[in-house]
Amino acid sequence: MSQETVATNQEALYQKSYFNRLGELGDLAPDTFKAFAQFDKAALAEGKLSRKLKELIAIAVAHTTGCPYCIEVHVKAGKTEGVTKEELSEAVLVATALKAGSAIAHGVNALNAYDETQDEELYKQSYFNRLKEFSALNDDIFKAFVDFDTLSLKDNILSVKEKELIAVAVAHTTGCPYCIAIHTKGAKKAGVTKEELAESIFVATALKAGSAIAHSVNALNAYDS
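Please read these numbers as outputs of a predicted model, since none were measured by experiment.

Thresholds, definitions, all that
Residues numbered from 1 in each chain as written. Predicted model: local features only at pLDDT ≥ 70, side-chain atom pairs only at ≥ 80, totals over all residues. Heavy atoms only, no water. Phe/Tyr/Trp six-rings, centres within 6.5 Å; stacked < 30°, edge-to-face > 60°. Helix = DSSP H or I, 4+ residues; strand = E, 2+ residues; numbered from the N terminus. Buried < 20%, exposed > 50% of the residue type's maximum accessible area, 1.4 Å probe, protein only. Core = buried A, V, L, I, M, F, W, Y, C linked by side-chain atoms within 4.5 Å. Contact = heavy atoms within 4.5 Å. 1 Å grid on protein atoms, 1.4 Å probe; cavity = no way out; pocket = protein on both sides within 12 Å on 5 of 7 lines; lining within 4 Å. Points joined across faces, edges and corners; volume = space filled by probe spheres on them. Nonpolar A, V, L, I, M, F, W, Y, C, P; charged D, E, K, R; others polar. Polar contact = N/O pair within 3.5 Å; in protein donor to acceptor, adjacent residues only side chain to side chain. Axes fitted to C-alpha atoms, helices over the stretch in contact; angles between N-to-C directions. Left-handed = near helix turned anticlockwise from the far one by under 90°. Parallel < 35°, antiparallel > 145°, perpendicular 65-115°, else oblique. Salt bridge = Lys/Arg side-chain N within 4 Å of Asp/Glu carboxyl O.

Asker: Residue-level account of the packing of aromatic side chains, with values.
Answerer: Following the criterion strictly, the structure yields 4 aromatic pairs and no others. Ring plane angle 75° and centroid distance 6.3 Å describe the contact between Phe 39 and Phe 202, whose orientation is recorded as edge-to-face. Here Phe 39 is found in helix 3 (residues 30–44), whereas its partner Phe 202 is found in helix 11 (residues 194–214), with 163 residues between them in sequence. Residue classification places Phe 39 among the partly exposed residues on the basis of a relative accessible area of 28%. An aromatic cluster is present here, built from Tyr 123, Phe 128 and Tyr 178 joined pairwise through their rings.

Asker: Explain the nonpolar core residue by residue, including any values.
Answerer: Ranked by internal contacts, the top residues of the largest apolar core, which has 51 residues, are Leu 44, Ile 57, Val 61, Leu 98, Ile 166, Val 170 and Leu 207. Contributions of two or more residues to this core are made by helix 3, helix 4 (51–65), helix 5 (68–80), helix 6 (85–114), helix 9 (160–174), helix 10 (177–189) and helix 11. Ignoring any residue separated from it by four or fewer positions in sequence, one finds Leu 44 in contact with Arg 51, Lys 54, Glu 55, Ala 58, His 74, Val 203, Ala 206 and Leu 207.

Asker: Would you mind going over the layout of surface pockets in detail, with residue names and values included?
Answerer: Size it by volume and the largest pocket reaches roughly 340 Å³. If you trace the largest pocket, you find 18 residues lining it, with Phe 128, Phe 145, Asp 149, Ile 182 and His 183 closest to the centre. Mapped onto the lining of the largest pocket, the elements with two or more residues apiece are helix 6, helix 8 (139–152), helix 9 and helix 10. No other element matches the 5 residues that helix 6 contributes to the lining of the largest pocket. For the lining of the largest pocket, a count of residues per class yields 14 nonpolar, 2 polar and 2 charged.

Asker: Please set out the side chain of Glu 87 residue by residue, giving values where relevant.
Answerer: Looking at where Glu 87 falls in the secondary structure, it is placed in helix 6. Of note is the side chain of Glu 87, whose polar atom sits 2.9 Å from the backbone nitrogen of Thr 84. If near-sequence neighbours (up to four positions away) are discounted, Glu 87 is found in contact with Lys 52, Leu 56, Gly 82, Ile 157 and Leu 158.

Asker: So what's going on with the side chain of Glu 199? Residues and values would help.
Answerer: Inspection of the secondary structure assignment puts Glu 199 in helix 11. Here Lys 54 takes part through its side chain, which lies 3.2 Å from a polar atom of the side chain of Glu 199. Other than its neighbours up to four places away in sequence, Glu 199 contacts Gly 47, Lys 48, Leu 49 and Lys 54.

Asker: Could you give an account of the packing of helix 4 against helix 9, with specific residues and numbers?
Answerer: Put simply, helix 4 and helix 9 touch, their axes get as near as 9 Å, and they point 35° apart. Once helix 4 is placed against helix 9, the crossing between them reads as right-handed. Touching Leu 53, Ile 57, Ala 60, Val 61 and Thr 64 of helix 4 are Glu 162, Leu 165, Ile 166, Ala 169, Val 170, Thr 173 and Thr 174, all from helix 9. The residue makeup of the contact of helix 4 with helix 9, split by class, is 8 nonpolar, 3 polar and 1 charged.

Asker: Before we move on, can you summarise unusual backbone geometry with the specific residues and values?
Answerer: The backbone of Glu 116 shows a phi angle near 55°, a positive value even though the residue is not glycine. Looking at the element boundaries, Glu 116 is found in the loop between helix 6 and helix 7 (133–137).

Asker: Kindly report on the packing of helix 4 against helix 5, identifying the contributing residues and their values.
Answerer: Two elements in contact, helix 4 and helix 5, have axes whose closest approach is 9 Å; the angle formed by their N-to-C orientations is 160°. Considering their axes alone, helix 4 and helix 5 lie roughly antiparallel with respect to each other. Crossing of helix 4 over helix 5 shows left-handed handedness. Contact with helix 4, carried on its side by Glu 55, Ala 58, Ile 59, Ala 62 and His 63, involves Cys 70, Ile 71, His 74, Val 75, Ala 77 and Gly 78 of helix 5 and no other residues of that element. Tallied by class, the residues present in the contact of helix 4 with helix 5 amount to 7 nonpolar, 3 polar and 1 charged.

Asker: How would you sum up the pattern of salt bridges? Please name residues and give values.
Answerer: For the structure on display, the rule yields 13 salt bridges. Glu 87 is the partner of Lys 52 in a salt bridge, and the nearest nitrogen-oxygen pair spans 3.0 Å. Residue Lys 52 is located in helix 4, and its partner Glu 87 is located in helix 6; the two are separated by 35 residues in the primary sequence. Lys 52 gets classed as partly exposed once you look at its relative accessible area, which sits at 25%. Here the residues in one salt-bridge network are Lys 16, Glu 72 and Lys 76, joined through shared partners.

Printed below as a string of structure tokens:
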């Protein structure tokens, strides 16, 4: 893409054609780019988890990182693997519940801060017990969230096992230690093995790193403008 083209399109921050610039990173930092590409390919390859499920996890994580390029790439890849629009929708709603859930889960830290808790530990499992206080403070809203969260993880088109694997991956992108603990235990209860758990986490890792590298096309546009 020429500097002239970038200047013409500078108001459009995201265009599908921009993603074509990604290959330039291979010229600018060939060894590092190649290493990432190999890791990304391995993380999404068939293993203990099917390619289809990995693409569903990738789609959910892409909605958490907010990368439009990743959404485009993995929805298309998922469709190739047989993902239906209904399955897509359920994966996105699990991601929505987990991203919202990480905010409300961190609310227990907000309560600690507001109450000027003297404990030096910022994260403790016991802090999560304060979550019910939100029910007393905003009962209708809290109940509405709990209802949504419960429904999003119920067995439906996607199984509870599949949804918990998606939830674990998303929790690793939101960085919520409470969510990681809850959904890892939920996944184990649903029959997820440690090997399957690891593969889900690697998909999340690839997608979180992938969103950074995908956005590099915007950095190249900015640099050339």
